[in-house]
Amino acid sequence: QQALRAIPTVTRAVDRGELPADCDANALLTTFRAPLFYRMVTTGEPIDEVLITRATQVALTAAHAGLLSA
């Protein structure tokens, strides 16, 4: 349910032209969450600002490259 709440944010970014028109919101959110989930479940290391920044950069770069298109 948490992901469903974030979809409108991605949709607004698409509407503003900040993300490609064909960006798949679920794919973007999954790409962002994956490293956070991995760290939480697998390594148990803290989720810190560095990880969040890196996950954001990776997800946005993938979206702009067309890798997260619907």
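Residues numbered from 1 in each chain as written. Predicted model: local features only at pLDDT ≥ 70, side-chain atom pairs only at ≥ 80, totals over all residues. Heavy atoms only, no water.

> I would appreciate a short explanation of the side chain of R39 in the present structure.
Looking at where R39 falls in the secondary structure, it is placed in helix α2 (residues 25–43). With a relative accessible area of 19%, R39 lands in the buried category. Every residue in contact with R39, bar those within four places of it in the chain, is listed here: G44, E45, P46, I47, D48 and L51. (Helix = DSSP H or I, 4+ residues; strand = E, 2+ residues; numbered from the N terminus. Buried < 20%, exposed > 50% of the residue type's maximum accessible area, 1.4 Å probe, protein only. Contact = heavy atoms within 4.5 Å.)

> Would you take a moment to explain the pattern of salt bridges for this structure?
A side chain with one charge may pair with a side chain of the opposite charge, provided their charged atoms come close. Using the criterion set out here, one finds 2 salt bridges in the structure. Two residues, E18 and R16, come together in a salt bridge whose shortest N-O distance is 2.8 Å. The class for E18 is partly exposed, based on a relative accessible area of 42%. Between R39 and D48 there is a salt bridge, with the nearest N and O atoms lying 3.5 Å from each other. (Salt bridge = Lys/Arg side-chain N within 4 Å of Asp/Glu carboxyl O.)

> Explain helix α3 (residues 49–64) here, please?
Helical geometry: 3.6 residues make up each α-helical turn, so side chains three or four residues apart lie on a common side. With 16 residues, α3 extends 22 Å from end C-alpha to end C-alpha; this agrees with the ideal 22 Å at 1.5 Å per step. Where α3 is concerned, the buried positions are L51, A55, A59, A62 and A63. Projected onto a plane normal to the axis of α3, the buried residues spread over an arc of 100 degrees and lie on a single side. Away from its buried face by more than 90 degrees, α3 exposes E49, V50, R54, Q57, T61 and H64. Taken together, the buried residues of α3 touch α2. A positive backbone phi angle near 85 degrees is found at G66, which sits one or two residues after α3. (Expected span 1.5 Å × (residues − 1). Arc of directions from axis to C-beta.)

> Mind showing me how you'd approach α2 here?
Compared with the 27 Å implied by 1.5 Å per residue over 19 residues, the 27 Å span of α2 between its first and last C-alpha is a close match. At R33, α2 shows its strongest bend, of approximately 35 degrees, with the proline P35 following within four residues. The N-capping residue of α2, defined by a side-chain oxygen 2.9 Å from the backbone nitrogen of N26, is D24. Directly beyond the C-terminal end of α2, a positive phi value near 75 degrees is found at G44. (Bend = angle between axes of the 7 residues up to and from the residue. Polar contact = N/O pair within 3.5 Å; in protein donor to acceptor, adjacent residues only side chain to side chain.)

> Would you take a moment to explain a nonpolar patch on the surface for this structure?
A cluster of nonpolar side chains, F37, M40, V41 and I47, forms an exposed patch at the surface whose accessible area comes to about 410 Å². When you line up the elements, I47 lands in the loop between α2 and α3. (Patch = residues over 30% accessible without salt bridge, like charges linked within 9 Å, V, L, I, M, F, W, Y side chains within 5 Å. Areas by Shrake-Rupley, 256 points an atom, 1.4 Å probe, with all protein chains shown as cover.)

> Explanation requested: the packing of α2 against α3 in the structure shown.
A pair of packed helices is captured by two measures, namely the crossing angle of their axes and the spacing between those axes. Running from N to C, α2 and α3 point in directions that differ by 150 degrees, and their axes come no closer than 8 Å. Taken together, the axes of α2 and α3 lie roughly antiparallel to each other. The chirality of how α2 crosses α3 is right-handed. Residues L28, T31, F32, P35, L36 and R39 of α2 form the contact with α3, whose participating residues are L51, I52, A55, T56, V58, A59, L60 and A63. In terms of residue class, the contact of α2 with α3 is built from 11 nonpolar, 2 polar and 1 charged. (Axes fitted to C-alpha atoms, helices over the stretch in contact; angles between N-to-C directions. Parallel < 35°, antiparallel > 145°, perpendicular 65-115°, else oblique. Left-handed = near helix turned anticlockwise from the far one by under 90°. Nonpolar A, V, L, I, M, F, W, Y, C, P; charged D, E, K, R; others polar.)

Read these as geometric descriptors, not functional statements.
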